[in-house]
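Summary of structural features
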Amino acid sequence: MAKQAMAGELRTLVYFRRTVKEVDSEGSAHQREETVFHDSQGREQAVHCKWVNAHGSEVFTAMQLKLRQPAKLTMRYSPRIVPTLLVYKGKDPVPYEVVSVDDVEDRHCWLEVTVQRKEAAR
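The model shown is predicted, which means the values in this text are computed figures rather than measured ones.

The next thing to look at is the side chain of T12. Checked against the element boundaries, T12 lands in strand β1 (residues 12-23). Setting aside its immediate chain neighbours within four residues, T12 contacts V47, H48, C49, W51 and K89.

Moving on, we come to unusual backbone geometry. In this structure, Q69 takes a positive phi of about 50° despite not being glycine. Topologically, Q69 is positioned in the loop between α1 (57-64) and β4 (71-76). Looking at Q69, the relative accessible area reads 49%, which means it is partly exposed. Although it is not a glycine, D106 adopts a positive phi angle of roughly 50°. For D106, the location among the structural elements is in the loop between β6 (96-103) and β7 (110-117). On the basis of relative accessible area, D106 is assigned to the exposed category, the value being 63%.

With that out of the way, let us pick up the nonpolar core. In terms of nonpolar packing, the biggest core is built from 18 residues, with F16, W51, V87 and V115 touching the most fellow members. Residue assignment for this core shows that the elements contributing at least two residues are β1, β3 (47-53), β4, β6 and β7. Every residue in contact with F16, bar those within four places of it in the chain, is listed here: E34, T35, V36, F37, E44, V47, M75, I81, L85, L86 and V87.

For the rest of this paragraph, the subject is the side chain of R117. Within the fold, R117 resides in strand β7. Of note is the side chain of R117, whose polar atom sits 2.8 Å from the backbone oxygen of V94. A distance of 3.2 Å separates the side chain of R117 from the side chain of Y96, its partner in a polar contact. Beyond its immediate sequence surroundings of up to four residues, R117 is in contact with R68, Q69, D92, V94, P95, Y96 and E97.

What counts and how
Residues numbered from 1 in each chain as written. Predicted model: local features only at pLDDT ≥ 70, side-chain atom pairs only at ≥ 80, totals over all residues. Heavy atoms only, no water. Helix = DSSP H or I, 4+ residues; strand = E, 2+ residues; numbered from the N terminus. Contact = heavy atoms within 4.5 Å. Buried < 20%, exposed > 50% of the residue type's maximum accessible area, 1.4 Å probe, protein only. Core = buried A, V, L, I, M, F, W, Y, C linked by side-chain atoms within 4.5 Å. Polar contact = N/O pair within 3.5 Å; in protein donor to acceptor, adjacent residues only side chain to side chain.

The following block contains the structure:
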């Protein structure tokens, strides 16, 4: 198996949220975020992962692709992880957006998720 992480390396807590667009009774569009992983009481649950920021030659590749603070997450497989989600690292209020999701060797054991810092539109 190519990509994996030892249990002790899965020490970074991340929160996954999806953006939901709604239209109120007056016709105004609003966006809200809802949790992807939650317990039976509806409280948001963190996911443990291995977080590796871009380093070495990956930094120059990221600059060419205009990625902002790229990182790779290695985590246990979940079918709920899709490229449209937002990722919050711990208590950081600024989210990361998912660039790609790779089910390593299509074995449904590990996921390698590439993320980048989300920036407001200019």
